[in-house]
Amino acid sequence: MRIVIIGAGWGGQGVCKALAAASLPADTSITCIDAADHLSIGATWQFELEGRAAPVSLPLADSCAAPYLKRAAASTIDYEAKTVALEGGEVVGYDRLVLACGAVSDPSSVPGLAEHAIDLSAKGFAAPVEAFFEGLGAGKKTVHVAVAKAPYKCPPLPFEVAFLVDAMARRRGVRDRVEIVVTYPVPWPFGGPKAKQAFAAAMDEKGIAYRPNTKLVSVAADGARKTTTLASTAEGAEGPADGVTSDLLLAVYPHRAPDLVAPALLNAKGSVPVDFRTSRVTKGGVADVFCVGDACAAVLPSVGSPIPKAGEFAYKAGVAVGELLAAELGGAEAPLPTARSAQCVAESGDGEGIVVGPNFDA
């Protein structure tokens, strides 16, 4: 049995962890394909703000994937022949394939976004924020934190950044000259009513304007200032929403599965629909293919929304797929997953945070 995992991120690590712990037949081969040499911990990128701490990365040579790692980039997949072509020409065959390839930022659907906005899903967004404060000058300035499309990676991130900008302005004594606006295409993106209440209260206390049901349509620039065109997504609303003119535009770009994944496997939002229990791909008529992590859409029937795109969810889904594959190889009944929960502390500024702990285990 040949098991191929594309991606050594959190989802791929979970698959490798479970397979390494299992007693597998001697003829089992496991290959984890990834061109990187480190797993960058995206949740630490914001630590660069004000030099608080260095971002953290994990050498893949020290990770769960290390025994199975093939340092290469996958370029195409032939689902009928069950092969993965690598950049450089090598072809790897599989009997079971796990797509743990993550999601990529794609600003192409929002004109002007790539040219005028800083991508919060990419490492290095701290430098433009620091530069904004260094060049603040006189007069009032606006920071616009915009989410272009949901779902996206790390749901609390845009709120964390808004809180950290608020804290930076207060420490510099310029908060009265910095307006902070957060716009969002949906009413509330994660954690349910309790999370909404906690974050809304924190934004209100800090004077951060929150505008839900507001879609980012386009971005234009007049000199150094950026003007966003917005549309209301609220039920029954018609016409455009009031735009925002800002001096710093920090945006979560739209996310989709990478080009490696065939369009036939994708839903309208660019994610791979899977069975929420088994992580088997349910679209495109492919056999023996699983998908975990940011690339997939595992919709929970009880709430009608996908499991959040976050590392702990990806890891636990990967572990469940690894356990399922191990059971299949051993001729046992595949177990259903028991863990679909996560916990993180979303920074709210000045060393404080909001604990977010969604739990879908049931």
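Relevant structure appears above.
The notes below deal with the structure included here. (Residues numbered from 1 in each chain as written. Predicted model: local features only at pLDDT ≥ 70, side-chain atom pairs only at ≥ 80, totals over all residues. Heavy atoms only, no water.)

### Some points on the overall build of the protein
To keep things clear, this is the line we draw: Runs of H or I in DSSP of at least four residues are treated as helices and runs of E of at least two as strands, each being numbered from the N terminus. We call two residues in contact whenever any of their non-hydrogen atoms come within 4.5 Å of each other. Only the protein chains shown count as covering a residue, and every accessible area follows the Shrake-Rupley method with a 1.4 Å probe. Neither His nor the chain ends contribute to the count of charged residues, in which Lys and Arg are positive and Asp and Glu negative. A single reference atom marks each charge: NZ on Lys, CZ on Arg, CG on Asp, CD on Glu.
For the protein, the helix and strand inventory stands at 6 helices and 26 strands. Based on the C-alpha atoms only, the size of the protein along its principal axes is roughly 70 × 45 × 40 Å. Long-range contacts, defined as pairs at least 24 residues apart, comprise 65% of the intrachain contacts of the protein with a sequence gap of at least 6. Summed over its atoms, the accessible surface of the protein is roughly 16,000 Å², and 52% of this surface lies on carbon and sulfur atoms. In the protein, which carries 32 positive and 39 negative side-chain charges, the distance between the mean positions of the two groups comes to 2 Å.

### Here we look at the packing of helix H3 (residues 126-134) against helix H4 (residues 157-171)
The line we're drawing: Under this scheme, a helix contributes an axis fitted over its contacting stretch, all axes are lines through C-alpha atoms, and angles between N-to-C directions fall in the 0 to 180 degree range. Throughout, the term roughly parallel applies to angles under 35 degrees, roughly antiparallel to angles over 145, roughly perpendicular to angles from 65 to 115, and oblique to all others. Helix crossings get a hand from a simple test, with the near helix turned counterclockwise from the far one by less than a right angle marking a left-handed crossing and a clockwise turn marking a right-handed one.
In the contact formed by H3 and H4, the axes pass within 11 Å of each other and the chain directions differ by 30°. With respect to each other, H3 and H4 are oriented roughly parallel. For the crossing formed where H3 meets H4, the hand is right-handed. Facing H3, whose interface residues are Val129, Glu130 and Phe133, H4 presents Val165, Met168 and Ala169.

### Let's talk about the nonpolar core
Selection rule: Think of a nonpolar core as a cluster: buried Ala, Val, Leu, Ile, Met, Phe, Trp, Tyr and Cys residues, connected wherever their side-chain atoms sit within 4.5 Å. Burial here depends on accessible area, computed with a 1.4 Å probe over protein chains only, as a share of the maximum for the residue type. Under 20% is buried, over 50% is exposed, and the range in between is partly exposed.
Counting 41 residues, the largest nonpolar core has Phe133, Phe159, Val178 and Phe199 as its most contacted members. Breaking this core down by element, the ones donating at least two residues are H3, strand S12 (141-147), H4, strand S13 (178-183), helix H5 (192-206), strand S18 (248-252) and strand S26 (352-356). No other element matches the 9 residues that H4 contributes to this core. With residues up to four places along the chain from it excluded, the contact list for Val178 reads Phe132, Phe133, Leu136, Lys141, Val143 and Ala169. By size, the runner-up hydrophobic cluster in this structure holds 31 residues, among which are Tyr79, Val84, Val274 and Ala298.

### Digging into the packing of aromatic side chains
Given two aromatic rings, one states the distance between the centres and the angle between the planes to describe the pair. Spelled out, the test is: In summary, the pairing rule links any two rings of Phe, Tyr or Trp, Trp by its six-membered ring, whose centres are within 6.5 Å, and it sorts them by plane angle into stacked for under 30 degrees, edge-to-face for over 60 and tilted for everything else. Here, over-ring charges are defined by two tests on the NZ atom of lysine or the CZ atom of arginine: distance to the ring centre within 6 Å, and angle to the ring normal within 35 degrees.
In total, this model carries 14 aromatic pairs according to the counting rule given. Ring plane angle 80° and centroid distance 5.8 Å describe the contact between Trp188 and Tyr210, whose orientation is recorded as edge-to-face. A residue pair is termed long-range when its members are at least 10 positions apart, and Trp188 in the loop between S13 and H5 and Tyr210 in strand S14 (residues 209-211) qualify at 22 residues. For Trp188, a relative accessible area of 15% corresponds to the buried category. The rings of Tyr152, Phe159, Phe163, Tyr184, Trp188, Phe190, Phe199 and Tyr210 are connected pair by pair, giving a single aromatic cluster. Here the basic side chain of Arg172 rests over the ring of Phe133, its NZ or CZ set 5.0 Å away from the ring centre.

### With respect to the pattern of salt bridges
Put simply, the rule reads: For salt bridges, the criterion is a side-chain nitrogen of Lys or Arg within 4 Å of an Asp or Glu carboxyl oxygen.
Applying the stated criterion across every chain, the model contains 17 salt bridges. For Lys82, the salt bridge goes to Asp288, with nearest N and O atoms at 2.4 Å. Taken together, the residues span a long stretch of sequence, with Lys82 in the loop between strand S6 (74-78) and strand S7 (83-86) and Asp288 in the loop between strand S20 (272-273) and strand S21 (289-291) at a distance of 206 residues. Put simply, Glu50, Glu130, Arg171, Arg172 and Asp350 are held in one network by salt bridges that share partners.

### Observations concerning the side chain of Arg96
What counts, and what does not: We define a polar contact as two N or O atoms separated by no more than 3.5 Å, with the added condition that, inside protein, one atom must be a possible hydrogen donor and the other a possible acceptor, whereas residues neighbouring each other in sequence contribute only through side-chain atom pairs.
The residue Arg96 is located in strand S9 (residues 96-99) in this model. Within the structure, Arg96 has its side chain in polar contact with the side chain of Glu328 (distance 3.2 Å). Excluding residues that lie within four positions of it along the chain, Arg96 makes contacts with Met1, Arg2, Ile3, Val4, Asp288, Phe290, Leu325 and Glu328.

### Quick notes on helix H6 (residues 311-329)
Quick note on the threshold: The span you would expect from a helix comes to 1.5 Å times its residue count less one.
Across its 19 residues, H6 extends 27 Å between first and last C-alpha, which sits within 8% of the 27 Å expected from 1.5 Å per residue. In the stretch just after H6, Gly331 is the one whose phi turns positive, near 75°.

### Considering the state of the cysteines
What counts, and what does not: The definition used for a disulfide is geometric: two cysteine sulfur atoms within 2.5 Å.
Counting across every chain of the model gives 0 disulfides. In this model Cys16 remains outside any disulfide bridge; the closest cysteine sulfur is found in Cys32, 4.2 Å from its own. Overall, Cys16 belongs to the buried group, its relative accessible area being 0%. Counting only cysteine sulfurs, Cys296 is the nearest neighbor of Cys291, a cysteine outside any disulfide, at a range of 5.0 Å.

### Some words on the sheet that holds S7
As a reminder of what qualifies: Two strands pair if DSSP finds at least two bridges between them.
If you trace the 3 strands from one edge of the open sheet to the other, you get S6-S7-S8, paired in antiparallel fashion. Strands with a single pairing partner mark the edges of an open sheet, and in this sheet they are S6 and strand S8 (91-93). Each neighbouring strand pair of the sheet contributes to a mean axis angle of 25°, computed without reference to strand direction.

### Focus: the pairing of strand S2 (residues 29-34)
Rule in force here: Here a crossover is taken to be right-handed if, once the strands point away from the viewer, the path from the first strand over the helix to the second is traced clockwise.
Taken across its 6 residues, S2 has 5 buried, putting it largely inside the fold. When strand S1 (residues 2-6) meets S2, the two strands line up parallel, connected through 5 bridges. Bridge pairing links Ile6 to Ile33 in S2. Since S1 and S2 lie parallel, the crossover through helix H1 (residues 10-21) that links them has a hand, and here it is right-handed. Examined bridge by bridge, S2 and strand S5 (residues 69-71) share 3 bridges and lie parallel to one another.

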